[in-house]
Each structure stands twice: as structure tokens, then as C-alpha cells.
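Spelled out, the chains give:
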Amino acid sequence: MTILLVPYHQDERLPERTIPLAAPLGAETVEAMVPDGDVWPRLVALYERVANRVAERLAADDVPAVVSGDCLVAAATITGAQRAGSDPAVVWFDAHGDVHTSHTSASGYLGGMALRLVLGAHPERLAEPLGLRSPAERRALLVDARDLDPPEVDYLSRSDLRRCGVEELQEALPAGPIVLHIDVDVIDCGELAGLRFPVPNGPSRSTVVDAARRVLATGRVVAVDIACPWYPARDEHEIATRARLLDELVDAVRNSG
């Protein structure tokens, strides 16, 4: 297993230790010279590097775990899996739907469009430049998504994108190879401080980690994408809490093989 650390929140390079992977985990940092100007070419330049590294690791019969500061990087992880010859379904853990478009988002926050971009919205922005072949909606599973805006509710009511709770996950998994995406904000915000978009009344950390282990135990996960959309930690306690969570998730990937 290889850990690919992408220390960015969208196109912004994050300060050191924002994503506190334990040193023994041996993460490889992926960076890029991003051009000046519009955010989308900047993201494409970075994600091209990520996709290539994912494809290289898969070609070496490895299961890469991509750890970054936001959900958009999942587009690169899926693209890399496709470049390696896989046709993965997507299992997407998140407190939010991430199925906005630029036309429905009130805030304009790009992370709130991440899954919808993967599934084919605004293809000229990410999918086409990267060569991402958007999976069919029916091959994506949205897990939890307890905080939805009205336009997202409307989209989900008429799309083939499936949704389930963390506890019902095993029965709902799509067939075939899987890219497993975990936004850590799926965890109840009472257990994980400093999130950019905290949501209460969610599953515990242990429940989410156990659910991830169940998906990994299928032997069908070709790559894992872990998004950490939190602000820089305020103290050593927050750093330690985050490091333990990442250690547990990475350990689940390592032991799945």
C-alpha cells in the first residue's frame, strides 16, 4: 500500500501538519507547479500528477490511499484507476451530498460539487481535461449525506445515484471494482473538531472506520480517497486526534490486502 499525500485544499497549498500523517506511515507527497489564473486549470495541473501516481501504483499491483484537504481530489483518484485499466464504481462517504452544480450552489463552494463533477456535471472543467470517464449514476453510492440542500434533495429524488446510511452499507455496495472515498466530516462533529463544514448527529469515528473496513474486506477496492476538509489544528490535542483517525483509516487499507 502506498499513501499519496496531496497537501492542498482545492488549489491552495496547506500549511505543514494540516494533514498529520504519522511519520512511520511513509507518505509520498504529490505536488505540482500550478499556473496562475483560473482555479480549474490549476486543479487540472495538480490532479494530472495525482492521477498518474495512482495509475503507477495500481500498475505495480498496489492499492494507493490518496489523502488530501478536500473532496475534489477524488476526480484524480478515479481517473488514475481508469488509466490503470479499471472501471470502478464509487462509494462516497460524506456528511454532505456534494451534488451541487454551479447553477444550484448558493455558496459557490467547489467541494460541494465534487461528486456531481465526477458523475459528469460541467465536464469541461475537470472530466474532459483529465480524461475522466464519468461513472453512471447507478454505479455510485452516497453514504450518509445527512446534510442536504433543497437542490440536492431534488437531484437525488430524480437521479439513479443511490444513497444509504452507514449501517446499511454492506447490502447496498455496487458490483465490481470500487474507489472508496471518505470525507472525514461524515463523522459526528462532536468527535472531530475544526471541520470546515461540521454536521452534528452523525456516526461515531469507530462506526465509520468499521464501515470502511467492511468495504475494504470485499477485496474489490482498487483505490481509497480520504478527504480532510478541516482548518489547521488549534493545538496539539487536535493534531493528535486527527493523526489517530488517519492512522486508523490507513491501517484499514493496509490490512485489507
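Everything below is about the structure printed above this text.
Residues numbered from 1 in each chain as written. Predicted model: local features only at pLDDT ≥ 70, side-chain atom pairs only at ≥ 80, totals over all residues. Heavy atoms only, no water.

**Here we look at the overall build of the chain**
- Of the regular secondary structure elements, the chain holds eight helices and ten strands.
- For 257 residues, the compact-globule estimate of 2.2 N^0.38 gives 18 Å, and the C-alpha radius of gyration of the chain, at 16 Å, lies within 12% of that figure.
- Across its three principal axes, the chain shows a C-alpha extent of roughly 45 × 40 × 35 Å.
- A buried classification covers 56% of the 257 residues belonging to the chain. (Helix = DSSP H or I, 4+ residues; strand = E, 2+ residues; numbered from the N terminus. Rg over C-alpha atoms; globule rule 2.2 N^0.38 Å. Buried < 20%, exposed > 50% of the residue type's maximum accessible area, 1.4 Å probe, protein only.)

**Looking at the sheet that holds strand β1 (residues 2-6)**
- If you trace the eight strands from one edge of the open sheet to the other, you get β4-β1-β5-β10-β9-β6-β7-β8, paired in parallel fashion. Pairing within the sheet leaves two strands with one partner each, and these edge strands are β4 (28-29) and β8 (162-164).
- The pairing of strand β5 (residues 64-68) with strand β10 (residues 221-227) spans four bridges and is parallel. The residue of β10 that forms the bridge with Val66 is Asp225. (Pairing = 2+ DSSP bridges.)

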